[in-house]
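Examining the three-dimensional arrangement
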Amino acid sequence: MVMVFAIHQHESATGLKTNIYIRQKRKMSFRKVNIVILVLAVALFLLVLHHNFLGLSSLLRNEVSDSGIVGLQPVDFIPNAPQRVVDGREEEIPVVIAASEDRLGGAIAAINSIQHNTRSNVIFYIVTLNGTADHLRSWLSSSNLKRIRYKIVNFDTKLLEGKVKEDPDQGESIKPLTFARFYLPILVPRAKKAIYMDDDVIVQGDILALYNTPLKPGHAAAFSEDCDSTSAKVVIRGAGNQYNYIGYLDYKKERIRELSMKASTCSFNPGVFVANLTEWRRQNITNQLEKWMKLNVEEGLYSRTLAGSITTPPLLIVFYQQHSTIDPMWNVRHLGSSAGKRYSPQFVKAAKLLHWNGHFKPWGRTASYTDVWEKWYIPDPTGKFSLIRRHVEISNTK
């Protein structure tokens, strides 16, 4: 009995040791599994962190490239994109427009007309100077434009140093924002395509149709031709050389003659155009334009026939026979001159875009069809900007 009990006790002890060993083994295995899981989780976390860091670094590099280096600084962007945009179902249509303090009402009216006549996802890139940003923002936020999507971009005038000289006969030389159109790829850094337009326009059609203007392969922009446009046929027949290249460039200068550009070539209007920004970047269009700006400062290459324009000549040179055309009804011009009075009301109503280029602006005294423009004008809540003709009307009634 004693021997049997001893054997049984030995077996029990052995079994207990075995159970303890098994449990310890399981605990060790469980710990190893936990350690492996922890190591994998840490590795995954570090991988995600590294990926996000690279993305953030890239974003920061882009922000520096987009703003500080070249002097074009984004100020703000509101409101948030609608859900349909977030879902990627609708393409953005970038519209770039310059807004100077003394013409701010024009930019407001243009933006209002665009927004009202489209269902597309338009984002406005409003280029201005530092002192105008607060005024512009308060005007937008207090009107029915408060829900538009926009970005205010500050234009650093240092960008033009050495490229423009003061000349009282050339009004644009002291208006830096007229050169904003030369820097479209920087203003709209991530877009493949954009629309530029002056502030003295009203859009009566859906801006999507203009955005969809087909550009030929290798063309970085599409303009409206001065000679072949609907505007020209109505207004400037018999205008002679005024709307040809010789009206803008001094063909007495050897550097101009070396380009072998025909003096009789029809010019185009750069106040409204569609740009293929991918092609613009590929061809370094901005650098080319700056080159001709500098050469004009040094050699005086522009003609005095159209002395008020120093923005158009560089574009005419760079885009000589290298641009597409937009539908002429998308830039019905000369409403800012006496010639605009020749348009019929039916023609003005049918136009997709009305352009008050010329000396007489629609917020001034004697422009044509100011009632059409004023339909889209939103009064300035700050009272800083007002229609000039209203002051004249009030003084005349006294």
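Residues numbered from 1 in each chain as written. Predicted model: local features only at pLDDT ≥ 70, side-chain atom pairs only at ≥ 80, totals over all residues. Heavy atoms only, no water.

The interhelical angle for the contact between helix α3 (residues 104-116) and helix α4 (residues 130-141), taken along N-to-C directions, is 40 degrees, at an axis separation of 11 Å. Classified by the angle between their axes, α3 and α4 sit oblique to one another. In this structure, the crossing between α3 and α4 has a hand that is right-handed. Here L104, G105 and I108 of α3 come into contact with α4, specifically with T132, H135, L136, W139 and L140. Among the residues forming the contact of α3 with α4, the class breakdown is five nonpolar, three polar and no charged. (Axes fitted to C-alpha atoms, helices over the stretch in contact; angles between N-to-C directions. Helix = DSSP H or I, 4+ residues; strand = E, 2+ residues; numbered from the N terminus. Parallel < 35°, antiparallel > 145°, perpendicular 65-115°, else oblique. Left-handed = near helix turned anticlockwise from the far one by under 90°. Contact = heavy atoms within 4.5 Å. Nonpolar A, V, L, I, M, F, W, Y, C, P; charged D, E, K, R; others polar.)

Per-residue confidence for the chain gives a mean pLDDT of 80; residues scoring 70 or more make up 69%. Across residues 1-13, confidence stays below pLDDT 50; counting only partners more than four residues off in sequence or on other chains, it has zero contacts. For the stretch residues 390-398, pLDDT sits under 50, and the model shows three contacts to residues farther than four places along the chain or on other chains. (pLDDT = per-residue confidence, 0-100.)

Under the criterion given, the structure shown has one disulfide. One disulfide bridge connects C227 with C266, the sulfur atoms lying 2.3 Å from each other. On the sign convention where negative means left-handed, the S-S torsion of about 110 degrees between C227 and C266 marks this disulfide as right-handed. With C227 in the loop between β7 (221-225) and α7 (230-235) and C266 in the loop between α8 (254-257) and β8 (268-276), the pair connects residues that are 39 residues apart, well separated along the chain. (Disulfide = S-S within 2.5 Å.)

Along the chain, the position of N121 falls in strand β3 (residues 121-128). One polar contact links N121 to R149, side chain to side chain, over a distance of 3.0 Å. (Polar contact = N/O pair within 3.5 Å; in protein donor to acceptor, adjacent residues only side chain to side chain.)

Here the focus is helix α10 (residues 285-299). In a regular helix each residue adds 1.5 Å, so 15 residues correspond to 21 Å; α10 covers 21 Å between its end C-alpha atoms and thus fits that length. Within the span of α10, buried status applies to I285, T286, L289, E290, W292, M293, L295 and N296. Taken together, the buried residues of α10 touch α5 (184-187), α8, α9 (277-282) and α11 (312-318). Once α10 ends, the next one or two residues include G300, with phi positive near 65 degrees. (Expected span 1.5 Å × (residues − 1). Buried < 20%, exposed > 50% of the residue type's maximum accessible area, 1.4 Å probe, protein only.)

Glancing now at the environment of V297. Here V297 is to be found in helix α10. Residue class for V297 comes out partly exposed when judged on its relative accessible area of 25%. Not counting residues within four places of it along the chain, the set of residues in contact with V297 comprises G162, K163, V164 and K165.

Okay, the pattern of salt bridges next. Side chains bearing opposite charge may pair, as long as their charged atoms lie close to each other. Evaluation of the coordinates by the stated rule reveals 10 salt bridges. In this structure, the salt-bridge partner of R181 is D198, at a minimum N-O distance of 3.4 Å. In this pair, R181 is assigned in the loop between β4 (149-155) and α5 and D198 in the loop between β5 (193-197) and β6 (201-203), connecting sequence segments 17 residues apart. The residues R181 and D198 share a single accessibility class, namely buried. The partner of D250 in a salt bridge is K253, and the shortest N-O contact between them spans 4.0 Å. Note on K253: relative accessible area 27%, which makes it partly exposed. (Salt bridge = Lys/Arg side-chain N within 4 Å of Asp/Glu carboxyl O.)

Next up on the list: the environment of K175. Structurally, the position occupied by K175 is in the loop between β4 and α5. For K175, a relative accessible area of 42% puts it in the partly exposed group.

Right, let's get into the nonpolar core. Counting residues in each nonpolar core, the largest one holds 54 residues, and the members touching the most others are V95, F124, I126, I195, M197, I207 and L210. In terms of residue count, α3 provides more of this core than any other element does, seven residues in total. The residues touching L210, leaving out its near neighbours within four places in the chain, are I195, M197, V272, V274, I326 and W330. (Core = buried A, V, L, I, M, F, W, Y, C linked by side-chain atoms within 4.5 Å.)

Of all the five residues making up β7, five are buried; the element is thus mostly covered by neighbouring parts of the structure. Here four bridges tie β7 to β8, and the two strands are oriented antiparallel to one another. Residue pairing for β8: A222 is matched across the bridge by V274. Looking at chain direction, β7 and strand β9 (residues 324-325) are connected through two bridges and run parallel. (Pairing = 2+ DSSP bridges.)

Our focus in this paragraph is the packing of aromatic side chains. Two measures describe an aromatic ring pair: the distance that separates the ring centres and the angle between the ring planes. Per the stated rule, a full pass over the model turns up 15 aromatic pairs. Where W139 meets Y377, the ring centres are 6.4 Å apart and the plane angle is 85 degrees; that geometry is what we call edge-to-face. Of this pair, W139 sits in helix α4 while Y377 sits in the loop between α13 (370-374) and α14 (388-397); the two residues are 238 residues apart in sequence, bridging distant segments of the chain. (Phe/Tyr/Trp six-rings, centres within 6.5 Å; stacked < 30°, edge-to-face > 60°.)

Turning our eyes to something else, we now look at the side chain of H219. As for its position among the elements, H219 is in the loop between α6 (207-211) and β7. Note on H219: relative accessible area 10%, which makes it buried. Among the polar contacts made by the side chain of H219, one reaches the main-chain carbonyl oxygen of H323 at a distance of 3.5 Å. Among all residues touching H219, those that are not within four sequence positions of it are N276, E279, Q321, Q322, H323 and S324.

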